Amino acid sequence: LLWVGTMSEAQGGAESAIAVWPKLDQEAFERGQQELDQFAFDALSYTSDDLVHLTLEIFTALGFPGKVNMPMMKLKKFILCVRTCMFDNPYHNWFHAFDVTQTTYCLAIHSGMTKTLSDIELFALIVSALCHDLEHPGVNNPFLVASRSDLATLYNDRSVLENHHCCRAFQLMLHSEIQLLADFSGKDYSAFRSVVLNNILATDMARHGEYTTKLKRITEAGTPHEDKQLDPQFAMEVIMKCADTSNVLKPFDIAKKWAMRVTDEFFLQGDKERAAHMPLTPMCDRTSQGRVALQKGFVDFVIGPFYRLVGDAMPGLQESFGLLWKNREAWNQYDDQRLLEELGDEY
């Protein structure tokens, strides 16, 4: 189920990954360039190689790697290695990694953060988005803990996946064939590392209540104006959480495809639980749980209230969240049969 990997194995994978930068499909690249700062971008309509080029385009559009005095070849090697380290899961795969990176880019633009963050902070924000699910095994933290996995043992049952993503991200960045951060000063390295770690650890949904509570406190009536200002690190963590759950913000035709993929992955975890005679996670039980019902519940009880708070705290993003409730209304016209009939295998 899991590959923890030794450093020699990781290095072997990285060395093979950095061999060839893919050929550019000019037509696809130009289409992607035009859509790159839009929430209507459909990552699933591009090839894996297209997304490699468009990942680099996100960095270069923000002035990187030049702004951090980094050779372009190092950044290219790193992007290729990240792609290689994304497993072939239905949902947590290279396409999701890109989708979250592109959405983070959009949110950073719409919120104004591209103008307020330091170069190191902005570079770290995009890198953390790219790496936030590195080597995701396709099962969640409770499964890893309950199955007594090596990863759960290694990280003492606490934010197991998120700690692993952080660890592997820095192992790649520090790899002898990449050395992405070799020219960073000690101060810049520490600042960069702190941002990346905090951003990725923020994506653990077990901490969702923590962020909701803080946003409520910031946005409630009577809070002094100076206390309503989000500090840059917290703002970046909020952006990451939004991007990681942003399928519900996309045009409905795109949101439907991601809904199918995430529930495919949930149900595969349920199959593993059943085969191992483990307690079944309710949302992962394909015999009793509906795909459409999961989407409705996620918006109604988990992410919808969160986005409302984010919109209050970061008014520049309110318009970006406009499709959330239209999509929620659209789900009322669906059941699982209609969803499956419409998409078939085309997702």
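Use the structure listed above.
What you are looking at is a predicted structure, and each value in this text was computed from that prediction instead of being measured.

Caption draft 1: Structural view of the packing of aromatic side chains. In total, this model carries 16 aromatic pairs according to the counting rule given. When the ring of F41 is compared with that of Y46, the centres are 4.9 Å apart and the planes differ by 5°; the resulting orientation is stacked. You'll find F41 and Y46 in the same group, each marked buried. A centroid spacing of 5.1 Å and a plane angle of 55° characterise the contact between F64 and F123, whose relative ring orientation is tilted. Remark: F123 occurs in helix 7 (residues 119-131) and F64 occurs in the loop between helix 3 (48-61) and helix 4 (72-84); sequence separation between them is 59 residues. Of the two residues examined, F64 and F123, each falls in the buried class.

Caption draft 2: Highlighting the environment of L340. Looking at the element boundaries, L340 is found in helix 17 (residues 336-343). C-alpha of L340 to C-alpha of G304: the two residues are 36 residues apart in sequence and 25 Å apart in space. The contact partners of L340, leaving out residues within four places of it in the chain, are M260 and R291.

Caption draft 3: The nonpolar core, seen in detail. The biggest cluster of nonpolar side chains holds 90 residues, and the ones touching the most others in it are F78, F192 and M314. The greatest single-element share of this core, amounting to 10 residues, is contributed by helix 7. Discounting chain neighbours no more than four positions away, the residues touching F78 are V127, L130, C131, A169, L172, M173, I178 and L180. Residues V139, A152, L161 and M278 belong to the second largest nonpolar core, which totals 9 residues.

Caption draft 4: Spatial organisation of the pattern of salt bridges. Inspection of every chain in the model, using the stated rule, returns 14 salt bridges. When the shortest N-O distance is used, the salt bridge between E135 and R168 registers 2.9 Å. Taken together, the residues span a long stretch of sequence, with E135 in the loop between helix 7 and helix 8 (141-146) and R168 in helix 10 (residues 160-173) at a distance of 33 residues. With respect to burial, E135 and R168 carry one shared label: buried. With its nearest N and O atoms 2.8 Å apart, the salt bridge here joins R207 to E210. With a relative accessible area of 44%, E210 lands in the partly exposed category.

The rules we used
- Residues numbered from 1 in each chain as written.
- Predicted model: local features only at pLDDT ≥ 70, side-chain atom pairs only at ≥ 80, totals over all residues.
- Heavy atoms only, no water.
- Phe/Tyr/Trp six-rings, centres within 6.5 Å; stacked < 30°, edge-to-face > 60°.
- Buried < 20%, exposed > 50% of the residue type's maximum accessible area, 1.4 Å probe, protein only.
- Helix = DSSP H or I, 4+ residues; strand = E, 2+ residues; numbered from the N terminus.
- Contact = heavy atoms within 4.5 Å.
- Core = buried A, V, L, I, M, F, W, Y, C linked by side-chain atoms within 4.5 Å.
- Salt bridge = Lys/Arg side-chain N within 4 Å of Asp/Glu carboxyl O.

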